[in-house]
Each structure stands twice: as C-alpha cells, then as structure tokens.
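# Reading the structure
This is what each chain is made of:
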Amino acid sequence: MAVTDPPERRALPVLAGAPAFDAPLYRTLLSAPGLSVLAGALDELLAWGSRNALWVFPMATSCCGIELMAAAASRVDLDRMGTIVRATPRQADVMVVAGTITVKMAPRVKALWEQMPEPRWCIAMGSCAISGDFYRNLYSVIPGIDTVIPVDVYVPGCPPNPEALMHGLLRLQEKIKATRAGTFAAPELNPALLTTTRPSIARVVDADRDPTQSDQQTASADHATASDKTDARPEGSPEPAAYEAVAPDASPARDFADLVRDEFGVTDIPAGMAPLVETAKHVALARRLRALGYKQLVYVVVSHYAAKTGARAAPERFELACAVRTVGEGSRVAAWRLALEPGEAVPTLVGVYAGADWQEREQYDLTGVRFAGHPDLRRIMMPEDWVGHPLRKDYAADTACPPWR
Amino acid sequence: MQTQSARRGRVDPHLSMRDYDPEADLMLLHFGPQHPSTHGVFRMDLHLDGEVVVKATPYLGYLHRAVEKLCERLTYVQQTPVVDKNDYVAPMTNEQALNMAFEKLLNVEVPRRARWVRTLFAELQRIASHLLWLGTFALDLGGALGGGSTLFIHTFRERELILDLFEEVTGARFHYNTHTLGGNRHDLPAGFDVKVKAALAEIEARLDGYETMTLHNSIFVARTRGVGVLDGELALELGITGPILRASGVDHDLRRDAPYGAYDELKVRVAVEQGGDCYARAKVRVAEMRDSIRLVREAIEGVPEGPLCGFKPIRLVGQVKATAGQVYVAIETPRGELGTFVIASPDNPTAPHRLKIRSPSLHALSAIPYIVPGATVSDAVAILGSLDPIMGEVDR
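Residues numbered from 1 in each chain as written. Chains lettered and ligands numbered in written order. Predicted model: local features only at pLDDT ≥ 70, side-chain atom pairs only at ≥ 80, totals over all residues.

### Description of the overall build of chain B
Helix and strand counts for chain B come out as 15 helices and 8 strands. The C-alpha atoms of chain B give a radius of gyration of 22 Å, which matches the 21 Å a tight globule of 396 residues would have. Of all 396 residues assigned to chain B, the portion counted as buried reaches 62%. Within chain B, counting contacts between residues at least 6 apart in sequence, those at least 24 apart form 70% of the total. (Helix = DSSP H or I, 4+ residues; strand = E, 2+ residues; numbered from the N terminus. Rg over C-alpha atoms; globule rule 2.2 N^0.38 Å. Buried ≥ 20, exposed ≤ 12 C-beta atoms within 10 Å, placed from the backbone. Contact = placed C-beta atoms within 7 Å.)

Encoded structure:
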C-alpha cells in the first residue's frame, strides 16, 4: 500500500494535528533526547490497546441487528477479540450501523454518533447501511449511512454472516494500526482500488416525478425531529368516542352475504370482491357484526385510484376495505368495502373496535383519508410535518427529503 | 389522578397529559428509539410518578421502509425477497403469507409436497423465533437471570442449529427467498430428516433446562407474574393475535381454526393460559416450542413425494398477471396473524394495485398504552419484551 503521510508525522503520530502539542513548550520538551522515542512507544501501546478493545455500539435497526447479536452470542463470540457490545455511545469506540436507516431515524443516528468520544470508527453492516439496498429509491430511506456519518469499513451482505462482521472488525483493526503508523492509504488515494470502490448505481428516477413535492419537503426543515413533541394529541381533536358495550346477539350464525343483503341494502356483490356498503352504514355494520361474534378487527385498508383520462376516463377515488373475524374453531372473516370521494371522511370504528385506532391512523398517514370522530388522528409512520401521503398513486416513490435523502 | 375513563375501567390511551392532575410532579422519560431493550427502533414516552409509569405513549415509524409502496412497483414474482425483511426473525412465514395470497389471487394450485415442506419450515422457524425471543426476554429482565446474558448465549446456540438447517436448504441463514408462486424453490437435500431430528433432540433436551431457568425460577416468576396483565376482551378488540392472545385465555390459533398448508392433516395442540401476564405469555411460547418440535417430527416423517412447485417456470417477471380481485390470506406466524391483503386492478396487471401487510406486532404494540401504566420502568421493559415486537413488520 502506498505511503501517503510525510515521514515527519510518522515519528509522533499521536501528536500530529493536535494544536496543544504545537505549543513551543512541548516542542522544546520533545526535542529532549529520548523523549520522542518514549512518546512513540507509548503511542504504540495506545494504538495496540485501541484496536484490541473495540467496544461496539450497536446501531441495530433491523435484520442485520439480529446477525450482530448472533455475532456476539455463543458460536462466533466477538468477546474473544476484545469486542464487546455497549449499550451507550459514551462507552463505545465503534458504531456498527446494522440495518436500514430511515429519514426519521437518521437525525438520531447522527446525534448518537456525536455522543461517541474520539477516536471513533464506524462500520456499515449490510447493504442497507451501505447503500440503502433496494429501499434506496424510496421516500423514507436514506441511501447509505455514509451520507450522514463517515464510514471506515463496509461489510456487504444481506445480512452479512457473523463471520463477515468479524472480518470487518479485523479489517478495522488493520486500518487503525496502519493509520497510527501513518501507512494507511484511503481508497480514493489508492489507484488500484479506484475502480472497485466506486460503484456507479444508476439512480432510478420516476419520469412523472413532481419537482414541487421535493421543494415542499425541503421547506419543512425540521421535519425529522418535529415528532419529538410529547403527548402530541392535537388540541381541539374530538373527545374520545364513548365506548359502547355491544350486547352479544344469540341468534344463529348467518351468512355474511345474506346479512348485508337483507339488512344493509347491498344488492350486488361482485365475484371475488367484498360487498360495497354505503359509508353511512359503516359503523352500524361493524356494530352488528361485533354483536354476532366477530370480535376481532383484522384490517382497515384504504387504496387510492388516481384520475384517469382517455378511453377509460375515471375520476380520482378512494376505496376503504375493512374486515373482522370470529375467533375459535372455524374462524370466519367478514370483509366489506366503502367507496369514497376525494376529501370524504369516513366515520371512525374506534368506538366499536379499539384496535381501529392505529389502523386508521396508519391509513390516514399513508393515504390522507380522514376518519371523522377519531380522537387522535395523527401521523403514525411518517414524521409529523411530512408533506404528502406516500401511498397515493400520484406520490412519487423516490420523493427527496433533504438533507437526508 | 384520573388515569381511567368510563371505558369499562380501562386506561384511556387518548387522554392528554392536560387531563391528568396538573399538580402531580411527573417526569418524562423518552424510552428509545435507540435502546437495546426496545427490540429495534421503537420509542415510547413514559410519564413517571416516581418509578411508576402513569402514561405511556408509543411512537412508531423509525423503520418505515415503504415496503407497501415498493410492492406496488414490483411484479408478483419479485416480491418474496422484499417481504422477507419485514419480520426478520421469522422470514419463512413472511414469504409464505405473501405467496399464499398471490396463489389465491391467481388461482395457483400448490402441490401437497410443497404444502408439507412449507409447514415444516414454518414450524422450524417458530422454534427459532421463540428461542430468540426467550434469549432477548432474559436480557430484558436483566440481572435476575445470571447476569442477563446467560440465557441469551444459550438460546442462540440452539437457534444456530435451525439456521444451519435452513442454510443447507436455501443457502442463506435468513432471508431465504425459498417460497415462490405455487410452491417452493429449494428441495430438501438428502439426509435432511436425520439432521432435523438430531437438531430437535438437542433442542428438546436443552428446553428442559431453559424451563428450569425461567418458568421454575422464583426470580423470573417474581419479575413476570402479574406484570402487564391484558384481558382477553381488550386483546381481541385491539386485534392482538398469537401467543399474546392465547396467554389472555382466548383459544384461537389459525393453524387449527382456519387450516392452511398441511395443518388439515397435522393437528396442532393449542396452548392457552389464563393469566394474561408476562408469565403466561412466556409459558405459552415455551409450550408452543414443544408442540412445534412434535409437529416438525411429524412433518419430516410425513412429507409426501411429488412435485415441489405447481406453477410453470417463470421466464419473464411480467408474465404473471391479475386484472381484478381482492384477497386476504392470513397465517399464524410465531407472533400471530400475519395477513396479506392484495387488490389487483387492470391499470397495472403485473403488480398489485394495493398490498397491505397486516402485521401481528403492530397490534401487539397497541396494547402498550393500556397495560404499561401502573407498572414500574423495569416492568415496562419486561412487558415490551413479552410482546415480542419486531419493528420491521410494525413499521414496514
């Protein structure tokens, strides 16, 4: 490897670049015979210690975190390399970023990195931390942790085996040793590595991307931390719906299709689809089904249909699908749909099924459909001041979110 | 202090802090999103009166990877490796739920052998997942169990045995990408049954020790019994499924109640506990591990001969098309009911118009505002651990 550092820095690498040691007093002291040799030997000792006691701060967000745990567990046992996992950044030397980092998480990663004492290193573990993997062109994922903090070693894999992580730590030890000795060549200075370390992944960009969307996102500069507000239930939101106990209906089990035909005015049920119920009868149907023993809310899903022009012209619309389930032997699912105009609010099911709370919040967050009477209609997945609703068809999947992506 | 509303004496999660006693000297503790005991990147704000939690507010979305948006842009055959990453502790079941939904949408017949192999993998995955849960739960309970990490070190040793089996079949420790439309991609290698039985024998022998270390350990019992009690009615309403629901006394298991795969022939013994606390949840999961060992033994004996995939080989990713239909298919994963909801539309026949993954962990976490108040901070950690959330499938 090419030697890049000037020879005078090799004598006292630990002092190089530290302003305090540039003071004339130190210069005089170190010019004393033998003292610089002693300092050099001490520095060797420090370097040996720092590379053989790499304490890891696990920035484990997802799948790679499980392999990081497996690496620390019995079979691979990182402890024998002096590498132990510390739960706080203030006691750690290496941050192992194991997993996907989202725009909501990135500011926290940066804050934690800044809390780590120097010297500190970073290992990007797995393809999400390296480049964002197949999430890299999606609105909520940052394309690699090296856009936020400097990375020393990249460990590729999805996820990398524990052995691969161990190899990465060994490479980091080599790097620390070479850096202290002044012989480390950064990849961009090493001509032999230039072609291999610069992958050029073409960025896939939506052709129909709306540039104003990204501009709006930039305008809300504090987007990623605004959700730090505590107890953020909006002022003036409706009081919690009074919970109505539903008395069980002892009448014999009825076919769901017959029930919606007879009692809820559904005339036509298309094959392979759930019956379409009037929005006004949504809560009544849920309450009726709950009385009939459908005790569990399974899902609430809103799907968006963009406006179409041309031969099959159709206006923009939304559709809500909802299902409930009976429990125990022979469990049955009853599902129905609601057709919604843009801007139309759906009556909330929170009063009937407590589980509708988060389900409806998620659908509101991702599609923008409002639920009338919901006591706590906030975003749940995206930061509070996010612009736009990602699961709408007109929302570009690769919407930018400066400064993070 | 007003912490309960008229809603059947339950804690009301929608009460704002301004509804509480303004004189009370409450402390706010941000718990997470980066903390080893949050099992990923989960955050809750705990309002504390001394060491007792008065109000717990969960926050999600720190791992929102836009999987549903991504799935709308990929064809039906490209999505298996994407959903693998949702529940990264049990990827096998993720693949299975997704592909079963697509098979129902496209009317693809799954051969009997593939159904049995899927069931075999799902049960092995359940053991591996519960082993990981047991180890991390012991970490959550901390020093009470021999420094905390003892059990973690032990259960990971056994979990590696199962990962080795999967690695032999699929080439990957997890994120297998082995389920495909109409069946499975990788057949069982020769001598697989011998290796499975050897691994099961070892796990079963060690399971007795774990039971002694946890369920029969007075410290473990003191830390878990009566902690985080969730009543069955509330659990049902919140959509909670799986071991948490069964620990609250509700006898519901999709493997038995809505059979899929080979469960019409393999009979599941559903473990039900009445306590509803962390101890009951631990007991249910340990019982499920034992039952899964039995099921794997039966499945490996009973895997029939025949084709492993009932769908014609796919040459182009866009050749699989659906223009209409709405399906929902749910399976019982180690965490509960994992469902895949798909709507097809003529606008884009090669990809779902809307795909929603109904994850059990999201519903499990929604119990936190109800069951954490009244517990201490250390109990809050135990409660969170007993819910076994995987943030990948919570946030998707």
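On we go.
### Considerations on the overall build of chain A
The secondary structure content of chain A amounts to 12 helices and 9 strands. For chain A, the residues scored as buried account for 40% of the 405 residues in total. Counting contacts in chain A only where the partners sit at least 6 residues apart, residues at least 24 apart contribute 72% of the total.

### Brief notes about the domain arrangement of chain B
Residues and elements named next belong to chain B. Taken domain by domain, chain B comprises domain 1 (1-64) and domain 2 (67-387). The gap between the C-alpha centroids of domain 1 and domain 2 is 29 Å. In this assembly, 19 residues from domain 1 lie in contact with 17 residues from domain 2. Going through the elements one at a time, strand E2 (43-49) and strand E3 (52-59) are the ones with two or more residues in the side of domain 1 that touches domain 2. The dominant element in the side of domain 1 that touches domain 2, judged by the number of residues it contributes, is E3, at 7 residues. In terms of residue class, the side of domain 1 that touches domain 2 is made up of 11 nonpolar, 5 polar and 3 charged. (Domains from an automatic or database assignment. Nonpolar A, V, L, I, M, F, W, Y, C, P; charged D, E, K, R; others polar.)

### As for the interface of chain A and chain B
Each side of the interface is counted separately: chain A has 63 residues, and chain B has 65 residues. Every element with two or more residues in the side of chain A that touches chain B is listed here: strand E1 (56-60), helix H4 (63-72), helix H5 (106-115), strand E5 (296-305), strand E6 (317-325), strand E7 (333-340) and helix H12 (356-367) of chain A. Among the elements that line the side of chain A that touches chain B, the one with the most residues is E5(A), at 6 residues. Here the side of chain A that touches chain B is built from residues that sort into 38 nonpolar, 16 polar and 9 charged.

### A closer look at the sheet that holds E3(B)
Residues and elements named next belong to chain B. Strand order in the open sheet formed by 3 strands is E1-E2-E3, and the pairing between neighbours is antiparallel. Pairing within the sheet leaves two strands with one partner each, and these edge strands are strand E1 (27-31) and E3. Put simply, the sheet's adjacent strands are angled 20° from each other on average, direction ignored. Pairing between E1 and E2: 5 bridges, direction antiparallel. Looking at E2, one finds that leucine 29 is bridged to leucine 46. (Pairing = 2+ DSSP bridges. Axes fitted to C-alpha atoms, helices over the stretch in contact; angles between N-to-C directions.)

### Here's the deal with the environment of Ala397(A)
Residues and elements named next belong to chain A. Summarising the element assignment, alanine 397 is placed in the segment after strand E9 (371-372). On the neighbour-count criterion, alanine 397 (18 C-beta atoms within 10 Å) is partly exposed. Sequence-wise, alanine 397 and serine 140 are 257 residues apart; in three dimensions their C-alpha atoms are separated by 9.0 Å.

### As for the nonpolar core
Ranked by size, the top nonpolar core spans 226 residues in total, and within it Val94(A), Val97(A) and Met125(A) carry the most contacts. In terms of residues, this core owes the most to one element, helix H4 (residues 112-141) of chain B, which gives 17 residues. Apart from the residues within four sequence positions on either side, Val97(A) is in contact with Met59(A), Val109(A), Cys122(A), Ala124(A), Met125(A), Ala129(A) and Ile145(A). (Core = buried A, V, L, I, M, F, W, Y, C linked by C-beta atoms within 7 Å.)

### Description of the confidence of the model for chain B
Residues and elements named next belong to chain B. On average, chain B scores 86 in pLDDT, and the residues at 70 or more come to 94%. Low pLDDT, under 50, characterises residues 1-8; the predicted model gives this stretch 19 contacts beyond four residues in sequence or across chains. As a predicted assembly, this complex carries a pTM of 0.85 together with an ipTM value of 0.87. (pLDDT = per-residue confidence, 0-100.)

### Quick look at the pairing of E5(A)
Residue and element names in this part refer to chain A. E5 sits mainly inside the fold: 9 of its 10 residues count as buried. In this structure, E5 lies alongside E6, joined through 9 bridges in antiparallel fashion. Residue pairing in the sheet places tyrosine 299 in a bridge with alanine 323 of E6.

### Observations concerning the sheet that holds E5(A)
Residues and elements named next belong to chain A. Taken together, the 3 strands give an open sheet; going across it, the order is E5-E6-E7, and neighbouring strands pair in antiparallel fashion. Each edge of the open sheet is held by one strand with a lone partner, namely E5 and E7. Across the sheet, the axes of successive neighbouring strands diverge by a mean angle of 15°, strand direction being ignored.

### Considerations on the packing of helix H11 (residues 278-302) of chain B against helix H14 (residues 377-387) of chain B
Between two packed helices, what matters for the description is the angle formed by their axes and the separation of those axes. Residue and element names in this part refer to chain B. Between H11 and H14, the shortest axis-to-axis distance is 10 Å and the interhelical angle comes to 30°. Classified by the interaxial angle, the pair formed by H11 and H14 is roughly parallel. When you trace H11 past H14, the crossing you get is left-handed. Contact residues: H11 offers Cys278, Arg281 and Ala282, while H14 offers Ala382, Ile383 and Ser386. (Parallel < 35°, antiparallel > 145°, perpendicular 65-115°, else oblique. Left-handed = near helix turned anticlockwise from the far one by under 90°.)

### Observations regarding helix H5 (residues 149-170) of chain B
For H5(B), spanning 22 residues, the distance from its first C-alpha to its last is 30 Å, which sits close to the expected 32 Å at 1.5 Å a residue. At the C-terminal side of H5(B), Gly171(B) shows a positive phi close to 90°. (Expected span 1.5 Å × (residues − 1).)

### Regarding the confidence of the model for chain A
Per-residue confidence for chain A averages 77 on the pLDDT scale, and 76% of its residues sit at or above 70. Ignoring residues within four places in sequence, the model shows residues 196-209 of chain A, a span with pLDDT below 50, making 10 contacts including any to other chains.

### Structural notes on the packing of H4(B) against H5(B)
All names here are of chain B. Taken N-terminus to C-terminus, the directions of H4 and H5 make an angle of 165°; their axes are 8 Å apart at the nearest point. Classed by the angle they form, the pair H4 and H5 counts as roughly antiparallel. Two packed elements cross with a definite hand, and for H4 against H5 that hand is left-handed. Across from Leu124, Ile127, Ala128, Leu131, Leu132, Leu134, Gly135, Thr136, Ala138 and Leu139 in H4, the residues of H5 making contact are Ser149, Leu151, Phe152, Thr155, Phe156, Glu158, Arg159, Ile162, Leu163 and Leu165. The class makeup of the residues in the contact of H4 with H5 is 14 nonpolar, 4 polar and 2 charged.

### Some words on unusual backbone geometry
Cis geometry marks the peptide bond from Cys158(A) to Pro159(A), where omega comes out at -15°. With respect to the element layout, Pro159(A) can be found in the loop between strand E4 (153-155) and helix H7 (162-181). At Asp388(B), a residue that is not glycine, the phi angle is positive and equals roughly 50°. Here the phi dihedral of Arg396(B) falls at roughly 50°; this positive angle occurs in a residue that is not glycine. Tracing the backbone shows Arg396(B) in the segment after helix H15 (391-395). Judged by local crowding, Arg396(B) falls into the buried class, with 27 C-beta atoms found within 10 Å.

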